Structures are given as C-alpha cells and as structure tokens.
Amino acid sequence: DYGFCGGGMLPNIFLPAKKEGFARFDAKIKELEELGVPRKDQFHVLWVDFQKSSTWTRFNLRGWKYFGDPEWVAEFKRRLVMLRDRFIELGMDYSNWALFTIDEPWGDPEKKGTSGWYAVEGAKIIKSVDPKIKIWTDPWKIGDGFQHHYLKWYDILVPNFPYIMP
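The shown structure was predicted, so the numbers you read here are calculated from the model rather than taken from an experiment.

## Re the packing of helix α3 (residues 70–89) against helix α4 (residues 115–129)
Remark: α3 packs on α4, axes separated minimally by 10 Å, with the N-to-C direction vectors making an angle of 55°. With respect to each other, α3 and α4 are oriented oblique. Crossing of α3 against α4: the hand is right-handed. On α4, the residues touching Trp72, Val73, Phe76, Lys77, Leu80, Val81 and Arg84 of α3 are Ile125, Ile126, Ser128 and Val129. Of the residues assigned to the contact of α3 with α4, the class counts are eight nonpolar, one polar and two charged.

Here it is as structure tokens:
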C-alpha cells in the first residue's frame, strides 16, 4: 500500500567477519522476493549499534579491540566494505539500505562517552568508507541544541516517538 517494504536484520546476519557469512543475509532478501517484493523495491535498515555496551563496539582480534581503537576501525571498515559490495553484487544500490547506528542518541556529541558522541563518531567512520552510504538515527530530543551534529553526518533523522505524539 505504501510503495515500499523493509526488512530489518540483526548485526550477526549482515556484518559478518568473512564473505561466506552472508548466507542468512541473502536468505532474508530472497524471502522478501518470494513474498513478491522485488530487490529494487526493498529497503533495509541495518542495525550496527554503537552503544558502548554493544557487541559492535568491540572485536576480538587477537585480543579485544574497542570502538575507536585503530584496529577496531580497520576491522569495522573492512566489514562495511564487504556489506556494501554484497548489496552491489545482489543488484541493489544505496537507495535500498541504510545503517542504523544507535538508538536514541543523547547528550553532547562532542563529549566522549555520551551516546551522542558514539553516534557522531560512528557516522564519521562510516562516511569515511563511502559517503554514499545512508545513515539513520532517532535523536533523543529535538531542540536540545545538538541536532546540527546529526544533520551534518546523518541522511535520515527520525524524531523520537514521544516527540511526535500529540
């Protein structure tokens, strides 16, 4: 009815460590096709969750490496390139997907440790890989003085649900 369809996927499905790890990702896209949604009409919001307690803020690379460590950044970028390339291999483009980096970021994005900081720093890393990758988030508050940070780096901003209710 709305002219679009989305498919949400968990992090371990779409950002595997090896190219062979895309089987579940491919199955979700095929499942939507079998339901009558062609690839060109699919839109996927892919969760990478940069919250400080998230599994995506650390990788075990011969010892734990954390969000922002040079080794972590290199590994995340490597996996992100694999994801982007997989979409291309499947005949999909940048209009078919976006990364959801953090849920309801709050606090000053210039203050290390706030979820706002994780959101903006994560967005910078993503855009350094490929500025055409779309990034999505839902800032905690509208009018808290921090929106300009998100507007600079994010392509899709969705107001937090309580702020759009009458």
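There is more to say after this.
## Concerning the pattern of salt bridges
What the rule picks out here adds up to eleven salt bridges. Among the ionic pairs, Glu75 bridges to Arg78, the shortest N-O distance being 2.7 Å. Taken together, the positions of Glu75 and Arg78, both in helix α3 and three residues apart, correspond to about one turn of that helix. Overall, Glu75 belongs to the buried group, its relative accessible area being 11%. Classification of Arg78 by relative accessible area gives partly exposed; the value is 36%. Note that Glu75 is salt-bridged to Arg79, the shortest N-O span being 2.8 Å. Taken together, the residues span about one helical turn, with Glu75 and Arg79 both in helix α3 at a distance of four residues. Each member of the pair, Glu75 together with Arg79, is buried. Salt bridges here are not isolated pairs; linked through shared partners, they connect Asp26, Arg86 and Glu89.

Definitions and limits used
- Numbering of residues begins from 1 in every chain and follows the order in which that chain's sequence is written.
- Confidence filtering applies because this is a predicted model: local features only for residues at pLDDT of at least 70, side-chain atom pairs given and counted only at 80 or more, and all residues used for totals across whole chains, interfaces and linings.
- Note that the side-chain values use all heavy atoms of the structure and ignore hydrogens as well as water.
- Working convention: axes come from line fits to C-alpha atoms, limited for helices to the stretch in contact. Angles between N-to-C directions cover 0 to 180 degrees.
- Helix and strand assignments come from DSSP, with helices taken as H or I runs of at least 4 residues and strands as E runs of at least 2, each series counted from the N terminus.
- Here the word oblique covers every angle except those under 35 degrees (roughly parallel), over 145 (roughly antiparallel) and from 65 to 115 (roughly perpendicular).
- Left-handed is the label given to a crossing in which the near helix is rotated counterclockwise from the far helix by less than a right angle, and right-handed is the label when the rotation is clockwise.
- Throughout, a residue-residue contact means that at least one pair of heavy atoms, one from each residue, lies within 4.5 Å.
- The classification used treats Ala, Val, Leu, Ile, Met, Phe, Trp, Tyr, Cys and Pro as nonpolar, Asp, Glu, Lys and Arg as charged, and all other residues, Gly among them, as polar.
- By definition, a salt bridge exists where a carboxyl oxygen of Asp or Glu is found within 4 Å of a side-chain nitrogen of Lys or Arg.
- For every residue, the accessible area obtained with a 1.4 Å probe (protein chains only) is divided by the maximum for its type, and the residue is called buried under 20%, exposed over 50%, and partly exposed between those limits.

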